[in-house]
Amino acid sequence: LLYDEGDVLGLHANVTLSESTFPITPKDRLVLHTDGCISSGRTDGITGHIERLTREMIAAYAARHRDADLDEMTDSIWSEIKRFCRHKQNDDMFLASIEIPA
């Protein structure tokens with residue numbers, strides 16, 4: 001799992017960008033999502049406790065569907081995210097997947 005946090009692009013005149021290097025090989029996949037995905041949640045009707053979606057949960061969804069083709073994997077992850085938050089978005093949510101070509 002790779003994580004990066006920083007300034008919102010387009011919101012501030014002066015943003016700070018950093019560079020990261022990590023090894024990738026053909027057929028590796030990257031699943032990218034906005035913070036809206038991990039700030040989504042669901043409320044338990046009995047206790048009122050809010051459960052938040054985590055990065056680890058999204059990684060588990062990706063692992064569960066990694067053998068599917070890229071579009072199907074992305075659609076399946078998105079379906080799991082929507083099902084988790086009971087199809088009620090509370091923030092902007094974006095999900096994209098990239099596969100490194102052979």
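Residues numbered from 1 in each chain as written. Predicted model: local features only at pLDDT ≥ 70, side-chain atom pairs only at ≥ 80, totals over all residues. Heavy atoms only, no water.

## Description of the overall build of the protein
Part 1: The helix and strand inventory of the protein stands at three helices and four strands.
Part 2: Mapped in sequence order, the helices and strands of the protein form the string β-α-β-β-α-α-β.
Part 3: For the protein, the spread of C-alpha atoms along the principal axes amounts to about 50 × 40 × 20 Å.
Part 4: Put simply, of all contacts in the protein between residues at least 6 apart along the chain, 59% involve residues at least 24 apart.
Part 5: Within the structure as shown, the protein displays about 7,600 Å² of accessible surface, and the carbon and sulfur contribution to it stands at 52%.
Part 6: Positive and negative charge centroids in the protein, built from 11 and 18 side chains respectively, lie 8 Å apart. (Helix = DSSP H or I, 4+ residues; strand = E, 2+ residues; numbered from the N terminus. Contact = heavy atoms within 4.5 Å. Areas by Shrake-Rupley, 256 points an atom, 1.4 Å probe, with all protein chains shown as cover. Lys, Arg positive; Asp, Glu negative; His and termini not counted. Charge placed at Lys NZ, Arg CZ, Asp CG, Glu CD.)

## Quick look at the packing of helix H2 (residues 55-64) against helix H3 (residues 70-84)
Part 1: Two elements in contact, H2 and H3, have axes separated by 9 Å at closest approach and are oriented at 140°. Overall, the two elements H2 and H3 adopt an arrangement that is oblique. Along this stretch, H2 crosses H3, giving a crossing that reads as right-handed. Between H2, through Met57, Ile58, Tyr61, Ala62 and Arg64, and H3, the contact on the second element is made entirely by Met73, Ile77, Glu80, Ile81 and Phe84.
Part 2: Residue composition of the contact of H2 with H3, by class: eight nonpolar, no polar and two charged. (Axes fitted to C-alpha atoms, helices over the stretch in contact; angles between N-to-C directions. Parallel < 35°, antiparallel > 145°, perpendicular 65-115°, else oblique. Left-handed = near helix turned anticlockwise from the far one by under 90°. Nonpolar A, V, L, I, M, F, W, Y, C, P; charged D, E, K, R; others polar.)

## Side note on the environment of Leu70
Part 1: Locating Leu70 in the fold gives a position in helix H3.
Part 2: It is 7.2 Å that separates the C-alpha atoms of Leu70 and Glu99, two residues lying 29 residues apart in sequence.
Part 3: For Leu70, the contacting residues outside a window of four places in its chain are Arg29, Ser97, Ile98 and Glu99.

## Let's talk about the pattern of salt bridges
Part 1: One pass over the structure, following the stated rule, counts four salt bridges.
Part 2: Here Arg29 ties to Glu99 by a salt bridge, and the two come within 2.7 Å at their closest N and O atoms. You can see Arg29 sitting in strand S1 (residues 29-33) and its partner Glu99 sitting in strand S4 (residues 95-99), a full 70 residues away along the chain.
Part 3: For Arg29, a relative accessible area of 25% corresponds to the partly exposed category.
Part 4: Between Arg64 and Glu80 there is a salt bridge, and its shortest N-O distance comes to 2.6 Å. Highlighted residues: Arg64 in helix H2 and Glu80 in helix H3, separated in sequence by 16 residues.
Part 5: Taking the relative accessible area as the measure of exposure, Glu80 reaches 10% and is therefore buried. (Salt bridge = Lys/Arg side-chain N within 4 Å of Asp/Glu carboxyl O. Buried < 20%, exposed > 50% of the residue type's maximum accessible area, 1.4 Å probe, protein only.)

## Description of the nonpolar core
Note on soluble globular proteins: their nonpolar side chains tend to be buried together.
Part 1: With 13 residues, the main nonpolar core has Leu53, Ile58, Tyr61, Ile77 and Ile81 as its most contacted residues.
Part 2: If you list the elements that add at least two residues to this core, you get H2 and H3.
Part 3: If one sorts the elements of this core by residue count, H3 sits on top with four residues.
Part 4: Each residue touching Ile81, except ones within four places of it in the same chain, is listed here: Cys37, Leu53, Ile58, Tyr61, Met93 and Leu95. (Core = buried A, V, L, I, M, F, W, Y, C linked by side-chain atoms within 4.5 Å.)

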